[in-house]
Amino acid sequence: MNYYYKQKLFGDLVSVLKGMVGFHQTFEKWMEEAGLNITDTQFKKLTQYVDLLKKKNEELNLTSITDPKEVWIKHILDSLITVPFFKIKPGMKVMDVGTGGGLPGIPLAIMFPSVQFVLIDSTQKKITAVEEFVKELGLKNVACIATRAETIAHHPSHRDQYDLVLTRAVAPLRVLIELTVPLIHLYGNAIAYKGPEYISELSQSQNAIIKLKSEPPRVYQYSLPEGMGNRTIIQITKKHVTPDVYPRREGIPNKRPL
Ligand code: SAM
């Protein structure tokens, strides 16, 4: 390699490293604004997860977002800056239904090592990929299961067991209510990550709310930095025992929503 190319390569490397240092500080600031402190080790693990997701996405369709900055803001930051709305405490049991490539479960598990996470998805290939990520990242607080919410919600070791059940980009709200409320214990919360268009989903959910005997949802709105869009968190607290018939058998909640 001649002198010119060696110098250019060195220059490129320095600007990439400078960019990463700058981004680390910006990300820390966004997290601070959400009341979260991130350690260097946690930032490194999030970076490692972004790399693993990008690599696996070449063979498996885990996300349509590929631009690195968008992945950081629309996936990683979005998974985390919502925490002040639903509060995660040490010792909690949290399920992520329809985790896909591990969102929001993996970023949350990196940030909250003393919270137990169960990540489920109906696609075996996705769960196998997420299991690989968990192993590579050395996360001891995550279990992964390939199953449908309709099935696992009737299993005694999962029904009525969770403090929080999270869903992100999985189904319309009225379907999510049927899938997730049976999994949370009394006074636990179902949390749906939604886009800005939540009003019609809310109005279509009245019947599901009545049938599942849940409380009216609370809505929190927030914006992603750098103009990357508005988002909504919908929170439903369980205050009554869920009738045994819910969720109905596999596929029915989607095919014939309440
Ligand atoms: N939550 C991830 C995210 O935010 O990127 C993945 C979203 S992806 C669009 C929806 C995922 O939900 C898919 O991986 C799909 O297999 C899963 N899914 C849909 N219905 C499900 C169900 N009833 N039980 C479990 N997983 C389900």
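Computed from a predicted structure; not experimentally measured.

Caption draft 1: A look at the overall build of the protein chain. What the protein chain contains, in helices and strands, is 11 helices and seven strands. In terms of C-alpha radius of gyration, the protein chain reaches 20 Å, essentially the compact-globule figure of 18 Å for 258 residues. Considered along the principal axes of its C-alpha atoms, the protein chain spans approximately 75 × 35 × 35 Å. Here the protein chain holds 258 residues, and 51% of them are scored as buried. Of the contacts made within the protein chain by residues no fewer than 6 positions apart, 71% connect residues no fewer than 24 positions apart. With an accessible surface of roughly 13,000 Å², the protein chain has 54% of that area assigned to carbon and sulfur atoms. The distance from the centre of the 33 positive side-chain charges to the centre of the 26 negative ones in the protein chain is 3 Å.

Caption draft 2: View of the environment of Gln-206. Looking at the secondary structure, you find Gln-206 in helix H10 (residues 206–211). Judged by relative accessible area, which is 46%, Gln-206 ranks as partly exposed. Through-space distance from the C-alpha of Gln-206 to that of Pro-216 is 8.4 Å; in sequence the pair is 10 residues apart. A distance of 3.4 Å separates a polar side-chain atom of Gln-206 from the backbone oxygen of Leu-202.

Caption draft 3: How the structure looks around the pairing of strand E1 (residues 93–97). Burial analysis of E1 places four of its five residues in the buried class, the great majority of the element. As judged from the five bridges shared by E1 and strand E2 (residues 116–121), these two strands associate in the parallel manner. Bridge pairing links Val-97 to Ile-120 in E2. Running through helix H5 (residues 105–111), the crossover from E1 to the neighbouring parallel element E2 is right-handed. Of the strand pairs in this sheet, E1 and strand E4 (residues 162–168) are connected by four bridges, and their pairing is parallel. What sits directly across from Val-97, in E4, is Thr-167.

Caption draft 4: Broad picture of the pattern of salt bridges. For the structure on display, the rule yields 11 salt bridges. In this structure, the salt-bridge partner of Glu-132 is Lys-56, at a minimum N-O distance of 3.1 Å. Of this pair, Glu-132 sits in helix H6 (residues 124–137) while Lys-56 is found in helix H2 (residues 40–57), placing the two residues 76 residues apart along the sequence. Classification of Glu-132 by relative accessible area gives partly exposed; the value is 39%. Linking Lys-238 and Asp-160 is a salt bridge whose minimum nitrogen-to-oxygen distance equals 2.8 Å. Remark: Asp-160 occurs in the loop between helix H7 (149–152) and E4 and Lys-238 occurs in the loop between strand E7 (230–237) and helix H11 (252–255); sequence separation between them is 78 residues. Classification of Lys-238 as buried rests on a relative accessible area of 2%.

Caption draft 5: Quick look at the site of the ligand. Looking at the ligand, there are 16 residues lining it, with Gly-98, Leu-103, Asp-121, Lys-126 and Arg-168 nearest. A distance of 3.0 Å separates a nitrogen atom of the ligand from a polar atom in the backbone of Ala-149. Note that an oxygen atom of the ligand is positioned 2.7 Å from one of the side-chain N or O atoms of Arg-168. In the complex, the protein chains occlude 82% of the 600 Å² of accessible area that the ligand would expose alone. Residues of the shell around the ligand, tallied by class, amount to five nonpolar, six polar and five charged.

Caption draft 6: Molecular detail of unusual backbone geometry. Residue Leu-103 is joined to Pro-104 through a cis peptide bond whose omega torsion reads 5 degrees. If you trace the backbone, Pro-104 turns up in the loop between E1 and H5. If you check the backbone angles, Lys-87 has positive phi at about 55 degrees while not being a glycine. With respect to the secondary-structure elements, Lys-87 resides in the loop between helix H4 (83–86) and E1. Positive phi is not limited to glycine here, since Glu-226 has a value of about 55 degrees. Along the polypeptide, Glu-226 turns up in the loop between strand E6 (218–223) and E7.

Rules used throughout
Residues numbered from 1 in each chain as written. Predicted model: local features only at pLDDT ≥ 70, side-chain atom pairs only at ≥ 80, totals over all residues. Heavy atoms only, no water. Helix = DSSP H or I, 4+ residues; strand = E, 2+ residues; numbered from the N terminus. Rg over C-alpha atoms; globule rule 2.2 N^0.38 Å. Buried < 20%, exposed > 50% of the residue type's maximum accessible area, 1.4 Å probe, protein only. Contact = heavy atoms within 4.5 Å. Areas by Shrake-Rupley, 256 points an atom, 1.4 Å probe, with all protein chains shown as cover. Lys, Arg positive; Asp, Glu negative; His and termini not counted. Charge placed at Lys NZ, Arg CZ, Asp CG, Glu CD. Polar contact = N/O pair within 3.5 Å; in protein donor to acceptor, adjacent residues only side chain to side chain. Pairing = 2+ DSSP bridges. Right-handed = clockwise from strand over helix to strand, strands pointing away. Salt bridge = Lys/Arg side-chain N within 4 Å of Asp/Glu carboxyl O. Near = heavy atom within 4 Å. Nonpolar A, V, L, I, M, F, W, Y, C, P; charged D, E, K, R; others polar.

Function-wise, these values are silent; they only describe arrangement.
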